[in-house]
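Architecture at a glance
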Amino acid sequence: MNRREFMQAALAASLVSGKFAYGENAYENSENGKVKVVLNPYEKVDWTAAKQHKAALHIHSLQSDGRHPVDDVVNAYRRAGYDIMAITDHDTHTPNMHVSPRGRADVPEEMASPYPKEPKPENYPANTTWPWTDYGCSSPQNLGMIGIEGNELTNRHHINSYYNNAGWYGDMFDRDRENWEDYELETIRDKGGLAILCHPGWARESHRTPLDWYVEIFEKHSSDYLLGIETTNNNPDRNEPYDIGLWDQLLARFMPQRPVWGFGNDDMHRLKVKQTFNAFLLESLNDTNVRQAMESGQFFFTRSSRDIDYNPQVFDGFDVFPHIERIEVNNDQGTIAISARDCDEIKWISAPESLDTVGDYKTSNSPWPLGPVVHTGRTLHYRKTPGIKNYVRAELHRKDGEHVQRTFTNPFGIAT
Ligand SMILES: [Zn+2]
Ligand SMILES: [Zn+2]
């Protein structure tokens, strides 16, 4: 049984019994000695051979409400050291959203994108910005990088769609349909694509959704195509404690049977952003390996609290983040150890003490108890550390003046 089959069987069993692993406190469990890491997203990584490849998976251009042409965006990220990129223009916006005199009109008319050229794509203007060569940009192959077809589905909860052309606009969809997100996710699945839920805490009341809704979505849609949520997003009005708190609440309910991977995305509209990217761990950079790493959580993600400017003449974002060099899981000794450089502190976080809502999800930025820090330091003894439940994840911190640069691991699943 491979890992995916194992996870599916385990999830099916847990759904039948109606119980997830939450509440089985690893430390207090009388079968303490049997507790082990049963899901390690980095299990297949050869740390001497693998390289980290920066991935930007949520990027806008002039083809929707971004402020830069596709080739400027791609070239800026390429020069900033990115190897993997998905342009995810909105499916509900038309090109040149902010070219004067439309929208906020902060892009001069002479900058307007002439794309897409005639004949327009079949589902214009809900089409993907793909292939890049149709939008005045070199191909990913010519640039020596991996490009992923993408779209940000924007009708209700924003959903990033990858590896397919799903998109809806105007009279192409019924905005009031009750199960709209289910329909979108099923379409992505049927087209062979992958999906993540974007910026859950987006501070507009109409866009926040109750926790139960997320639980239901992750129960209904398999980890084969619904991979996880954005836990960090550049936009300052998308609140971080909300998104990370939601992540911990979902992990508490679903790990280790059904992983919910965390993604760090710029959501780039302008080239000056609070940088957050994914670092894929790959022995060789190719389409198959990138997709597999995305599906199995084989990446870290980062978050900067200061603005970083991708404009090539000023870009200074290299190597500001804690760099993980190796992660060793030892189920005999009961340890997870992280080797890292450029790192001041490693925090280990497990499931929240309570699954009860403590605030109004529409107005509070911390409506749920956060996952507590159960240990600080490079080695976690998961059988000897109080507070460890059904998963643990690590956050690496590096001080940067008054700012902090963080690198996050994906969760390790723990069970008897
Ligand atoms: Zn969005
Ligand atoms: Zn976006």
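The structure contained in this document is the topic of the report that follows. (Residues numbered from 1 in each chain as written. Chains lettered and ligands numbered in written order. Predicted model: local features only at pLDDT ≥ 70, side-chain atom pairs only at ≥ 80, totals over all residues. Heavy atoms only, no water.)

Brief notes about helix 5 (residues 211-220)
Within the sequence span of helix 5, burial applies to L211, W213, Y214, V215, I217 and F218. Along its buried surface, helix 5 packs onto helix 4 (180-190), strand 6 (194-197), strand 7 (226-233) and helix 6 (240-254). (Buried < 20%, exposed > 50% of the residue type's maximum accessible area, 1.4 Å probe, protein only. Helix = DSSP H or I, 4+ residues; strand = E, 2+ residues; numbered from the N terminus. Contact = heavy atoms within 4.5 Å.)

A few points about the coordination of the zinc ion (ligand 1)
Note on the zinc ion (ligand 1): its protein donors are E152 (OE), H158 (ND1) and H199 (NE2). The metal-donor distances range over 2.0 to 2.1 Å. Going along the chain, you hit the donors of the zinc ion (ligand 1) in the pattern E-x5-H-x40-H. A separation of 3.5 Å is found between the zinc ion (ligand 1) and the zinc ion (ligand 2), both of which receive a donor from E152. (Donors = N, O, S within 2.8 Å, 3.2 Å for Na, K, Ca; no water.)

Observations concerning the coordination of the zinc ion (ligand 2)
The coordination sphere of the zinc ion (ligand 2), as far as protein atoms go, consists of H58 (NE2), H60 (NE2), E152 (OE) and D267 (OD), spread over 2.1 to 2.3 Å. Taken together, the four donor atoms coordinating the zinc ion (ligand 2) span angles of 78 to 164 degrees at the metal, a pattern that classifies the geometry as irregular. (Tetrahedral: all angles 85-135°; square planar, octahedral: opposite > 155°, others 65-115°.)

Details of unusual backbone geometry
Cis geometry is found at the peptide bond from E118 to P119, where omega equals -10 degrees. Mapping P119 onto the fold places it in the loop between strand 3 (82-87) and helix 3 (140-143). At the junction of M255 and P256, the peptide bond is cis and its omega measures out at -5 degrees in the coordinates. Its location among the elements puts P256 in the loop between helix 6 and strand 8 (261-265). Even without being a glycine, Y163 presents a positive backbone phi close to 60 degrees. Among the structural elements, Y163 can be located in the loop between strand 5 (159-162) and helix 4. You will see that D342, though not glycine, has its phi angle at about 55 degrees, which is positive.

Things to note about the nonpolar core
Membership of the largest hydrophobic core comes to 52 residues, with the highest contact counts inside it found for L57, I84, L197, F218, L250 and F280. No other element matches the eight residues that helix 6 contributes to this core. The contact partners of L197, leaving out residues within four places of it in the chain, are H157, H158, I159, W213, Y214, I217, F218, L226, G228, I229 and E230. In terms of nonpolar packing, the next biggest core, distinct from the first, is built from 26 residues, A76, I87, M268 and A279 among them. (Core = buried A, V, L, I, M, F, W, Y, C linked by side-chain atoms within 4.5 Å.)

Some remarks on the packing of aromatic side chains
In the structure shown here, the tally under the stated rule is 21 aromatic pairs. Residues Y77 and Y310 carry aromatic rings whose centres are separated by 4.2 Å and whose planes lie at 25 degrees to one another, so their mutual orientation is stacked. Within this pair, whereas Y77 is found in helix 2 (residues 70-79), its partner Y310 is found in the loop between strand 12 (307-309) and strand 13 (323-330), the two being separated by 233 residues in sequence. Residue Y310 is classed as buried on the basis of its relative accessible area, which comes to 0%. Centre to centre, the rings of F263 and F299 are 4.8 Å apart; their planes meet at 40 degrees, and the pair counts as tilted. Remark: F299 occurs in strand 11 (residues 299-304) and F263 occurs in strand 8; sequence separation between them is 36 residues. With respect to burial, F263 and F299 carry one shared label: buried. Three or more aromatic residues joined by ring pairs form one cluster here, namely Y77, Y82, F277, Y310 and F321. Sitting above the plane of the F277 ring, K54 keeps its charged end 5.1 Å from the centroid. (Phe/Tyr/Trp six-rings, centres within 6.5 Å; stacked < 30°, edge-to-face > 60°. Lys NZ or Arg CZ within 6 Å of the ring centre and 35° of its normal.)

Details of the pairing of strand 14 (residues 335-341)
Here strand 14 lies mainly inside the structure; five of its seven residues are buried. Note: strand 13 against strand 14, seven bridges, orientation antiparallel. Paired with R326 across the two strands is S339, which belongs to strand 14. Connecting strand 13 to the antiparallel partner strand 14 that follows it, the hairpin turn spans four residues, and G334 within it adopts a positive phi of roughly 75 degrees. Sheet analysis places strand 14 next to strand 17 (residues 379-381), joined by three bridges and oriented antiparallel. Across the sheet, the residue bridging to A337 is T379, located in strand 17. (Pairing = 2+ DSSP bridges.)

Quick look at the sheet that holds strand 14
Reading across from one edge, 13-14-17 is the order of the three strands in this open sheet, with antiparallel pairing throughout. Looking along the sheet, the strands with just one partner apiece sit at the ends: strand 13 and strand 17. Sheet twist, expressed as the mean angle between neighbouring strand axes with direction ignored, is 15 degrees. (Axes fitted to C-alpha atoms, helices over the stretch in contact; angles between N-to-C directions.)

Comments concerning the pattern of salt bridges
Using the criterion set out here, one finds 19 salt bridges in the structure. Across the pair R306 and D400 runs a salt bridge whose closest N-O atoms are separated by 2.6 Å. On the criterion of sequence distance, the pair formed by R306 in the loop between strand 11 and strand 12 and D400 in strand 18 (residues 391-400) is long-range, its members being 94 residues apart. Judged by its relative accessible area of 19%, R306 is buried. (Salt bridge = Lys/Arg side-chain N within 4 Å of Asp/Glu carboxyl O.)

Considering the packing of helix 4 against helix 5
Two packed helices can be described by the angle between their axes and the distance between those axes. Taken N-terminus to C-terminus, the directions of helix 4 and helix 5 make an angle of 30 degrees; their axes are 11 Å apart at the nearest point. One finds that helix 4 runs roughly parallel with respect to helix 5. Remark: the crossing between helix 4 and helix 5 carries right-handed chirality. The segment helix 4 lies against helix 5, with E181, D182 and L185 engaging W213, I217 and K220. For the contact of helix 4 with helix 5, the per-class residue count stands at three nonpolar, no polar and three charged. (Parallel < 35°, antiparallel > 145°, perpendicular 65-115°, else oblique. Left-handed = near helix turned anticlockwise from the far one by under 90°. Nonpolar A, V, L, I, M, F, W, Y, C, P; charged D, E, K, R; others polar.)

Brief notes about helix 4
Taken together, the buried positions of helix 4 are W180, E181, D182, E184, L185, T187 and I188. Looking at the packing, one finds that the buried side of helix 4 touches strand 4 (146-153), strand 5, strand 6, helix 5 and strand 7. Following helix 4 by one or two positions, G192 adopts a phi angle in the positive range, close to 80 degrees.

Nothing here speaks to function; it is all geometry.
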